[in-house]
Amino acid sequence: MVGTFPAFSRDNPTYDTFFKMAHHLTDCSCYGIEDNAKGISEVKFVLNPTLDAKMDHQKQSDEHNEQQSATLTEKYPPQEILTDLHKLLEWADEVCTPYVRELTFTNAEEITEPRLPLLILFYPPGDKDNGSTSYIHRFTTLMEQHLTNYSRKIVPLIADGDVFSHPLNHMGKTPNDLPIIAIDSFQHMFLYSGEMEAALQDPRHINNFLLDLLSDKLHRQFHGVPEPDVVSIWAQSSLRKNASTSTGRSSYRISKPMTNARVLDNDDGDKEAPRESVFKLLIPSRNRYTLLKDEL
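The model shown is predicted, which means the values in this text are computed figures rather than measured ones.

**Digging into the overall build of the chain**
Looking only at helices and strands, the chain features 11 helices and 14 strands. Each of the 296 residues in the chain was classed as buried or not, and the buried ones make up 38%. A sequence separation of at least 24 residues applies to 69% of the contacts in the chain between residues at least 6 apart. Taken as a whole, the chain presents about 17900 Å² of accessible surface, with 49% of it coming from carbon and sulfur.

**Digging into unusual backbone geometry**
Cis geometry marks the peptide bond from Leu178 to Pro179; its omega dihedral reads 5°. Structurally, Pro179 can be placed in the loop between α7 (165-170) and β8 (180-184). In this structure, Phe186 takes a positive phi of about 70° despite not being glycine. For Phe186, a relative accessible area of 11% puts it in the buried group. One non-glycine residue, Asp216, lies in the positive phi region at around 70°. For Asp216, a relative accessible area of 43% corresponds to the partly exposed category.

Reading guide: rules and limits
Residues numbered from 1 in each chain as written. Predicted model: local features only at pLDDT ≥ 70, side-chain atom pairs only at ≥ 80, totals over all residues. Heavy atoms only, no water. Helix = DSSP H or I, 4+ residues; strand = E, 2+ residues; numbered from the N terminus. Buried < 20%, exposed > 50% of the residue type's maximum accessible area, 1.4 Å probe, protein only. Contact = heavy atoms within 4.5 Å. Areas by Shrake-Rupley, 256 points an atom, 1.4 Å probe, with all protein chains shown as cover.

Next comes the structure, spelled out in structure tokens:
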């Protein structure tokens, strides 16, 4: 994040807001430039594409690298929020924080604190060396290009399957089963059991998986609760009228349908038993002491 100002003066509302924002941001570096000739204050986010492209370890010529390094992506906040700390922080957080992040034990508490469901791709060892063909790159690209509408509803993540072997064991999987896509809702863990190649090529597969989560369909299936439309049809068809011999009045009996609790059907017809959440153990305690930064 770069701020350009005629002078570094707290009397300048834009500089004052930028200064405060810089002390709150954790995922972005902030730089201030004093430019007397410009005469106006300006704030922008500058992204060098080659920094994000480090995931792609394919060798490129020095000439091509130099050409890419000169290409910068710049984003400017609306002028009206330059002096509004809350709105400027929201904007900065949105542009600075990658949509798909790497889950580590270092950032796990920060990521789990909002208690949004986690959509996690557990990738196999050495996947980062596969460049644009890696599961990491394909999953990240698919999420960023097609499924950003789930922002603030879920947290898409990638995680090293070797480092996070315990969640794999908890789901009855091993590193030999990688890659794996799963959702941890902080109540249960739901395993995506469809074809991985199809899921990384067609966003409809992961989209349907997320829709089933947000509509509570996965939760209902976990507890063996029939779908609402199924219940309605079943109730109408199962209504039985029996003559009462003692009162002469009619009585009705409804027989409950057979359900197979804790079993999920996926697109391929397989069945997977969800597990209790593992990542809820990483959520920071509500009783912990928190050091809040005062506005400077």
